[in-house]
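Notes for the structure review
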Amino acid sequence: MTELTPVSSLADRVAAASPDWALRRAGGFSDRSIAWLFIAPTIVLLLAINIFPLIWTIRLSFTNYRGNRPNAPLKSVGLDHYQSILSDPDIWAAMQATAHFVLWTIALQTLLGFALAWLIDRKFRGHALWTTIILIPMMLSPAVVGNFWRFLYQPQIGLFNYLVSFISGVPPSSFEMIGSVKLAPWSIILVDTWMWTPYVALIILAGLRSIPDYIYEAAEVDRASSWRQFWSITLPMVLPFIMLAVLFRGIENFKMFDMVNLLTSGGPGSTTEVASITLKREAFEKWRTGYSSAFAIILFVTVFGLANIYVKALNRVRQR
Amino acid sequence: MTKYLLGAAALAAVAALAPAAPASAQSKTITLCWAAWDPANALVELSKDFTAKTNVAMKFEFVPWPNFADRMLNELNSKGKLCDLLIGDSQWIGGAAENGHYVKLNDFFAKEGIKMDDFMPATVLGYSEWPKGTPNYWALPAMGDALGWTYRKDWFARPDIQADFKKKHGRDLAAPKTLTELTEIAQFFQGREIDGKKVYGAAIFTERGSEGITMGVSNFLYPYGFKYQDPKKPYAMEGFVNSPDAVKGLEAYKALFKCCTPPGYTDAYMQEGLDAFKSGQVALQMNWFAFFPGLYKDEKVGGEHIGFFVNPPEKEHGSQLGGQGISVVSYSPNKAEALAYIKWFAQPEVQKKWWALGGYSAHKAVLNDPGFAKTAPFAADFLTAMGEVVDFWAEPSYAQLLLAEQKRVHDYVVADKGTAKEALDALIKDWQKVFKDDGKVN
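Sequence order as written defines the numbering, with residues in each chain counted from 1. All chains are assigned letters beginning with A, and all ligands numbers beginning with 1, in the order in which they are written. Local features in this predicted model are restricted to residues whose pLDDT is 70 or higher, and side-chain atom pairs enter the listing and the counts only when it is 80 or higher, whereas totals over whole chains, interfaces and linings include all residues. Where side-chain values are given, they derive from all heavy atoms of the structure, hydrogens and water being excluded.

1. What to know about the overall build of chain A
To keep things clear, this is the line we draw: For the purposes of this entry, the term helix denotes a DSSP run of H or I that reaches at least four residues, the term strand denotes a run of E that reaches at least two, and both are numbered from the N terminus. Our radius of gyration looks at C-alpha atoms and nothing else; its globule reference is 2.2 Å times the residue count to the power 0.38. For every residue, the accessible area (1.4 Å probe, protein chains only) is compared with the maximum for its type, and the residue is labelled buried under 20%, exposed over 50%, or partly exposed between those bounds.
The helix and strand tally for chain A stands at 14 helices and zero strands. Secondary structure elements of chain A occur, N-terminal to C-terminal, as α-α-α-α-α-α-α-α-α-α-α-α-α-α. On C-alpha atoms alone, chain A measures out to a radius of gyration of 25 Å, which is more than a quarter above the 20 Å that the 2.2 N^0.38 rule sets for 320 residues. With respect to the three principal axes, the spread of C-alpha positions in chain A is 80 × 70 × 35 Å. When burial is assessed residue by residue, chain A has 41% of its 320 residues classed as buried.

Given below as structure tokens:
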């Protein structure tokens, strides 16, 4: 994680970077005051949009507040919500569903993304066109993706079932991707992988293209095999990019909501009820605002903690 | 050239003035919020009379059913001014009354001579009263509704199918008299080929996200003997919610789901049911009476092709209550006009037109008319259903109670998790927790 720059030093740096004419026009103000003037709106906005809601959420998480009963007396409940969440088997089931989704999507997207990036980097004939086509899924809205995959997975008329039937010979109506307890978790993983693999590929492609050719040329001179070049040059040099893509996708999928909600609504039963769906139900359907605030804080701390550990690892890899 | 310029200027002047004309003629506009479905279109038609009579223009905000509760409850909770009038679900009445979202209508009814005795008792209890059974009114019954069934009358009438059914079950194939018979009929049709097309038994509710599976399951639980609480001890649910009869009812619903629904029917509500029936996929369809006028008019499956029946009994009679009352939203800046609409809507002649257009009036002037049962092929069934309806909890925490049941029954029926008894036991625990948080039980 990047260290936070103290505000005063930031102001000094802004002042130093300001052009002379700007300073001359604003006669009567010190450089420092002008710098503060420039960054103040951003700081106010940041406080209003990010910091205040966070503090407010923390406060609410210790109360019995409900958004649909604003006039009810506000009572402090201490750590009750936290205790109740951490001992609730349904919450743990949602966390397990989230972990399953996050881990598998990351694994598949990294592998397929790397393969795609590797192929695109070969610069075959028409590669620019194929690159654009491959990138289309990530440009679509998750709501659109959720809706049309719901049709694709339809056992009677869905193209996906027909395709599987065509390849495997299994009747298309004999399996239900989003209606079966066994297949539903995989159905959301498949859609997310289809949608976001190009994104991972794009980041890895940037990494592949940043490796200077002369390194490979030197390896060729040393008669290093392609396999050896991959393990000793490509992979280590592209690793920070892969790790960055994993970080982005990990954070994004930890809070995945729209696509899953549209595809399965968390079902069948609660099989695909990932944490964000549980959180939405608690907060905006059951209106347990205090409880859901505590759950949101737990999720935030989990993501923040894991991301911090991960970023430290990423920095170590970059320094190697 | 000057002639053209003058003409263009005249046209521009007319165009500029044209929209201003109706605006100046109609002094005010009020907005009515409801779900987007067939009866809403009938209400738009009906409301033209109100505008003609009062000069108050009407705007409508119709939200698709799956998002209706979310959208409207958020609107109320945020004290929004979007809706002057709201035709809200029956279960919202407790929360809307206790949180001050609806205007209490007792004084208004007394002043305008609107009597609740003029409306069917089940609808007054279900749509207007909070607390239940007390003369505190928060809505005027607007749209009576219950969960019933449609069937393919034309398929049932075929001699070959009749003969086959009689051979198998020893009785004529007809609208079922019990839920057990209903399941047998669904099984009989499941996978059968009719006119070269494979058909299925029944389209029932299995939707997970909003209220679908709870409504569907309730239509089985009530006839099997499920009760929400001990009639002598409110909120005491042990032995009522999870009684052996209730367990049997839940098992029967799962059996029907497993044996007799079309493939991929794991998250289906009213629209999916309509689609399955209209496309000729199913012999039986569970759905709200509100859709029956539209289905009867359908070119392919309506008319002589379709039959209707009330939810069959098993141990006793019982149908899930649907329908809504019309309320004035407390945050409306146009309360006087909104109340004028309710006064107009409560008139017997308006109620008669409402029924004629496809809305389900709850007014006795319509329902007690000797000719009512013959006004539509489903009218008599509607009357019967409204005489045996049961509603879900209408407590202020209804959403929590509903979501708990959605989860428990979907887990059991669709996701094969645990037994029916375990599902209902877990439901009691969930509901007890909600009532405990609300201070209703210790």
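2. Structural notes on the interface of chain B and chain A
Filter applied, for reference: Any pair of residues with heavy atoms lying within 4.5 Å of one another is described as a contacting pair. Counted as salt bridges are all cases of a side-chain nitrogen of Lys or Arg within 4 Å of a carboxyl oxygen of Asp or Glu.
With 27 residues of chain B at the interface, the matching set in chain A holds 29 residues. With a closest N to O distance of 3.3 Å, A:R150 and B:D267 form a salt bridge. Secondary-structure elements contributing two or more residues to the side of chain B that touches chain A are α4 (65-77), α19 (398-413) and α20 (420-437) of chain B. At seven residues, α19(B) tops the list of elements feeding residues into the side of chain B that touches chain A.

3. Overview of the sheet that holds strand β9 (residues 282-288) of chain B
Residues and elements named next belong to chain B. To keep things clear, this is the line we draw: The criterion for strand pairing is that DSSP finds at least two bridges linking the strands in question. Think of each axis as a best-fit line through the C-alpha atoms, taken over the contacting stretch in the case of a helix, with angles from 0 to 180 degrees between the N-to-C directions.
Reading across the sheet, the four strands line up as β8-β9-β5-β10 and stay open at both edges, with mixed pairing between neighbours. Strands with a single pairing partner mark the edges of an open sheet, and in this sheet they are β8 (200-203) and β10 (306-309). On average, each strand axis in the sheet is tilted by 20° relative to the strand beside it, whichever way the strands run. The pairing of β8 with β9 spans three bridges and is classified as parallel. Among the inter-strand pairings, A202 is bridged to a residue of β9, identified as L284. Across the sheet, helix α12 (residues 244-260) lies against β5 (147-152), β8 and β9, angled at about 135° from β8, the strand it touches most.

4. Here we look at the confidence of the model for chain B
Residues and elements named next belong to chain B. Inclusion rule: Confidence scores labelled pLDDT are given residue by residue by the predictor and lie between 0 and 100.
Model confidence for chain B is summarised by a mean pLDDT of 93, while 94% of its residues fall at 70 or above. Note on residues 1-6: pLDDT is under 50 here. Beyond four places in sequence and across chains, it has zero contacts. Long-range and interchain partners of residues 8-24, a stretch whose pLDDT sits below 50, account for zero contacts in this model, where long-range means more than four residues apart.

5. A word on the domain arrangement of chain B
All names here are of chain B. Under the convention used in this document: Domain delimitation in this document rests on an assignment produced automatically or drawn from a domain database. Buried area: the sum, over both parts, of the accessible surface (1.4 Å probe) that disappears when the two are put together.
By the assigned domains, chain B splits into domain 1 (22-145 + 323-390) and domain 2 (147-320 + 397-437). Put simply, the middle of domain 1 and the middle of domain 2, counted by C-alpha atoms, are 28 Å apart. Across the boundary between the two partners, domain 1 contributes 23 residues, which contact 23 residues of domain 2. With both sides pooled, the region where domain 1 packs onto domain 2 buries about 2,000 Å², and carbon together with sulfur makes up 66% of that total.

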